[in-house]
Every structure is written in structure tokens, then in C-alpha cells.
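Descriptive analysis of the structure
Chain by chain, the residues run as shown.
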Amino acid sequence: MKTTLIVLSTSGLLALSACTGMSDTQQRTLSGAAIGTAAGVGIGALTGGGLLWGAAGGAAIGAVGGYAYDQYEKDKAKNPPKPKSTKSTVN
């Protein structure tokens, strides 16, 4: 168990350190996958389930979440919210 934790932690750090030459979409997707993997392994360890299935499921869900967040941020940058007017329309 201790060896598995060390390997997963090290691979997570290496994956995140490789994000420097990537686009924003790639960085967010990879970061989501890494966070999802860690969460999946943690949940699998706490529930007594399979660590590999937890890691695979967490990585998939995290990658989708990271990609969805990237698309949200890009849409927000293209269409910024309109400022609310403080002027009264009643004369």
C-alpha cells in the first residue's frame, strides 16, 4: 500500500510538471485527470474497492470535468457578462 501511494504521488507530480508547453485545454484536462485519479484511488482505498478501477474511473471523470471547465472558461472569455446598470429607468 505504501509503495502504491508513493508511485501514484510521484507520477502525479511528474504529470503536472509536464504542463508547461501545453495549451490551456490540455493543461486543464490533464489536471482534472490527475485530481480525479487521486480522488478515485482515495475513494477506492476507503471503501475497500479496487484501486485500479477507482483510478481509472476517477481519471476519466476528472478529464471530462477539466475539459468542461476549459470550455466554460473559453465561453466566458468570448461572452463576458454585461454590466448591470445602476441608473434608474423611472423618471
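You'll find the structure just up there.
Residues numbered from 1 in each chain as written. Predicted model: local features only at pLDDT ≥ 70, side-chain atom pairs only at ≥ 80, totals over all residues. Heavy atoms only, no water.

1. A word on the overall build of the protein
- If you tally the helices and strands in the protein, you get three helices and zero strands.
- When the helices and strands of the protein are read in sequence order from the N terminus, they spell out α-α-α.
- Counting only residues that meet the buried cut, the protein has 18% of its 91 residues in that class.
- The contacts in the protein between residues at least 6 apart in sequence include a share of 52% that link residues at least 24 apart. (Helix = DSSP H or I, 4+ residues; strand = E, 2+ residues; numbered from the N terminus. Buried < 20%, exposed > 50% of the residue type's maximum accessible area, 1.4 Å probe, protein only. Contact = heavy atoms within 4.5 Å.)

2. So, the side chain of Asp-70
- Mapped onto the secondary structure, Asp-70 falls in helix 3 (residues 51-78).
- Of the residues examined, Asp-70 reaches a relative accessible area of 0% and is grouped as buried.
- Polar contacts involving the side chain of Asp-70 include one to the side chain of Arg-28, which spans 2.8 Å. (Polar contact = N/O pair within 3.5 Å; in protein donor to acceptor, adjacent residues only side chain to side chain.)

3. Some thoughts on helix 3
- With 28 residues, helix 3 should reach 40 Å at 1.5 Å per residue; the first-to-last C-alpha distance of 40 Å fits that figure.
- Looking at the buried side of helix 3, the elements it contacts are helix 2 (24-47). (Expected span 1.5 Å × (residues − 1).)

4. Side note on the packing of helix 2 against helix 3
- It is at 6 Å that the axes of helix 2 and helix 3 come closest, and there the two elements cross at 145 degrees. Crossing geometry of helix 2 relative to helix 3 is assigned as right-handed.
- Within the contact of helix 2 with helix 3, the residues separate by chemical class into nine nonpolar, eleven polar and five charged. (Axes fitted to C-alpha atoms, helices over the stretch in contact; angles between N-to-C directions. Left-handed = near helix turned anticlockwise from the far one by under 90°. Nonpolar A, V, L, I, M, F, W, Y, C, P; charged D, E, K, R; others polar.)

5. Remarks on the pattern of salt bridges
- Scanning the model with the defined rule gives three salt bridges in all.
- The partner of Asp-70 in a salt bridge is Arg-28, and the shortest N-O contact between them spans 2.8 Å. Remark: Arg-28 occurs in helix 2 and Asp-70 occurs in helix 3; sequence separation between them is 42 residues.
- As a salt-bridge pair, Asp-70 and Lys-74 come within 3.4 Å of each other at their nearest N and O atoms. Within this pair, Asp-70 and its partner Lys-74 are both found in helix 3, separated by four residues, close to a single helical turn. (Salt bridge = Lys/Arg side-chain N within 4 Å of Asp/Glu carboxyl O.)

The quantities given are spatial measurements derived from coordinates; they are silent on function.
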